[in-house]
Amino acid sequence: MEKQNETIDLTPFTEKVDRLKIAIGSVVVGQEYSVDLILSAILARGHVLLEGVPGVAKTLLAKMIAKLIHADFSRIQFTPDLMPSDVLGTSVFNMKTSEFSFHPGPVFADLVLVDEINRAPAKTQSALFEVMEERQATIDGIRHPMSPIYTILATQNPIEQEGTYKLPEAQLDRFMMKITIPYPSLEEEIEILERHNRNARLAKLEEIEAVISREELLLMFEYVEKVFVENSLLRYIASVIQQTRNSKAVYLGASPRASVALLQSAKAMALLQGREFVTPEDIKRVAPFVLQHRLMLTAEAEMEGHTPLKVVQRLIEKVEVPK
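Residues numbered from 1 in each chain as written. Predicted model: local features only at pLDDT ≥ 70, side-chain atom pairs only at ≥ 80, totals over all residues. Heavy atoms only, no water.

1. Observations regarding the nonpolar core
Quick reminder of the rule: Residues belong to one nonpolar core when they are buried, are Ala, Val, Leu, Ile, Met, Phe, Trp, Tyr or Cys, and are joined through side-chain atoms within 4.5 Å. Burial classes: relative accessible area under 20% of the type maximum marks a residue as buried, over 50% as exposed, and values in between as partly exposed (1.4 Å probe, protein chains only). Helix and strand assignments come from DSSP, with helices taken as H or I runs of at least 4 residues and strands as E runs of at least 2, each series counted from the N terminus. Whether two residues touch is decided by their heavy atoms; if any such pair falls within 4.5 Å, the residues are in contact.
Counting 77 residues, the largest nonpolar core has Ile24, Ile38 and Met177 as the members making the most contacts within it. The biggest single contributor to this core is helix H11 (residues 256–272), with 9 residues. Beyond its immediate sequence surroundings of up to four residues, Ile24 is in contact with Val35, Leu61, Met64, Ile65 and Leu68. Core analysis: the second largest hydrophobic core is formed by 25 residues, Phe78, Val112, Ala137 and Leu172 among them.

Structure below.
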């Protein structure tokens, strides 16, 4: 393996990540794998879509992560009557100055929790297109840049739930990862009941203090950029993406944006594992969650009961792993 030009002292990083995971575990039972995926997406400067039935702590998990990062936080509850101006803000005429002044909406924060994003119609969902891709909002012809750590954590209920709208493909593609929050295991559910039965969780959300500052998060972004990736692994990523475009089960495959997202999230995952270089396992860990929401299956594949997640996992196994 080639050597990096610059080594990274990961000790401060791993200490912070360990503290962050312990704090999350004090409030949220289980979900360790989902937490790793969410953190890797944030470190890779990507937005995250959390999907799951109501009651599996999607919102709690998102709020917990936002609270542990010392950053401006806002929450938007998407509803069928929400308008784009309710998200972005609006210009208000000032009678004293005879000028319009801009009143920013809740989307202007460092970390934005968009709760039940698929409860709002497409017109309101489209208000997030520009801020997710370019981290800026153009309102009345004026550009309003977002902060360097701007991240959206969105939750959604399964599409079969009553009163939900399917997200446009263009918006789905702007999420670095889609992570499905599963039901807790039997042991995890018992622990949840024990905590509530004692009427004392190990910690309460309002008592949690931030673990990572804005400056430290920006430094972590720089760490991710320095993670080493062999050329053979770049070819491996490209081959996985090509498989999604050539599969008979897939109507629409992944785009080059997905390739970049897969690379960046694999680098962040390696960093979370305490390494400054990427392995094939890092890529295989994040690939299903980077790709599943970007694929459109053929009607035949859907009729046979295939899901995008299962198709991606099968396609990954077809690609030869670099040695």
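2. Section: the packing of aromatic side chains
For the record, the criterion: Pairing of aromatic rings covers Phe, Tyr and Trp, the last through its six-membered ring, and needs centres within 6.5 Å; plane angles under 30 degrees mean stacked, over 60 mean edge-to-face, and all others mean tilted. By definition here, charges over rings are those cases where NZ of Lys or CZ of Arg is within 6 Å of the ring centre and within 35 degrees of the ring normal.
Considering all chains together, one arrives at 2 aromatic pairs under this definition. Over the ring of Phe129 we find Arg174, and its NZ or CZ is 5.1 Å from the ring centre. Between Arg275 and the ring centre of Phe277, over which it is positioned, the NZ or CZ distance is 5.6 Å.

3. Description of the pattern of salt bridges
Under the convention used in this document: Each reported salt bridge corresponds to a side-chain nitrogen of Lys or Arg within 4 Å of a carboxyl oxygen of Asp or Glu.
Taken as a whole and judged by the stated rule, the model has 12 salt bridges. Between Asp36 and Arg285 there is a salt bridge; the shortest N-O distance is 3.8 Å. Linking Asp36 in helix H2 (residues 32–43) with Arg285 in helix H12 (residues 280–291), this pair joins segments that are 249 residues apart in sequence. The salt bridge partner of Arg294 is Asp173, with a shortest N-O separation of 2.7 Å. Of this pair, Arg294 sits in the loop between H12 and strand E13 (296–297) while Asp173 sits in the loop between helix H7 (169–172) and strand E10 (175–180); the two residues are 121 residues apart in sequence, bridging distant segments of the chain.

4. Examining unusual backbone geometry
Despite not being glycine, Arg45 has its phi angle at roughly 65 degrees, a positive value. For Arg45, a relative accessible area of 38% translates into the label partly exposed. We note that Glu116 has phi near 55 degrees; this positive angle belongs to a residue other than glycine. For Glu116, a relative accessible area of 23% gives the class partly exposed.

5. Some thoughts on the environment of Val319
Locating Val319 in the fold gives a position in the segment after helix H14 (308–318). As for Val319 and Leu50, which are separated by 269 residues in sequence, their C-alpha atoms are 28 Å apart. Aside from chain neighbours lying at most four places away, what touches Val319 is Tyr236, Ser239, Val240 and Gln243.

6. Section: the sheet that holds strand E9 (residues 151–156)
Rules: The pairing criterion is simple: DSSP has to find at least two bridges between the two strands. Axes, fitted as lines to C-alpha atoms, cover a helix only where it is in contact. Angles between the N-to-C directions of the axes lie from 0 to 180 degrees.
A sheet is described by the order of its strands in space; here 5 strands give the open sequence E3-E6-E9-E1-E10, paired in parallel fashion. Edge positions in the open sheet fall to strand E3 (73–77) and E10, since each of these has one partner strand only. Averaged over all pairs of adjacent strands, the angle between strand axes in this sheet comes to 15 degrees, irrespective of strand direction. Here 5 bridges tie strand E1 (residues 47–51) to E10, and the two strands are oriented parallel to one another. In the strand pairing of E10, Leu50 is matched with Ile179. The sheet strands contacting H2 are E1, E9 and E10, and the helix crosses E10 at an angle near 170 degrees.

7. Some thoughts on H12
Our working definition: Any helix carries an expected span of 1.5 Å times its number of residues minus one.
Along its 12 residues, H12 runs 16 Å from first to last C-alpha, staying within 8% of the 16 Å computed at 1.5 Å per residue. By the criterion of burial, H12 is predominantly enclosed, with 9 of the 12 residues buried. Listing the buried residues of H12 in full gives Pro280, Asp282, Ile283, Val286, Ala287, Pro288, Phe289, Val290 and Leu291.

8. What to know about the pairing of E1
With 5 of 5 residues buried, E1 is to be regarded as a mostly interior element. Here E1 shows two buried faces, one formed by His47, Leu49 and Glu51 and the other by Val48 and Leu50.

9. Section: the side chain of Asn157
What counts is decided by this rule: Pairing of N or O atoms within 3.5 Å defines a polar contact, subject to two protein rules: one partner must be a possible hydrogen donor and the other a possible acceptor, and residues neighboring in sequence count only if both atoms are side-chain atoms.
Among the structural elements, Asn157 can be located in the loop between E9 and H7. At 3.4 Å, the side chain of Asn157 and the side chain of Lys58 are in polar contact. Here Glu116 takes part through its side chain, which lies 2.9 Å from a polar atom of the side chain of Asn157. When near neighbours in sequence (up to four residues on either side) are disregarded, Asn157 contacts Glu51, Gly52, Val53, Pro54, Lys58, Glu116, Asn118 and Arg119.

Everything listed is a geometric property; what it means functionally is a separate question.
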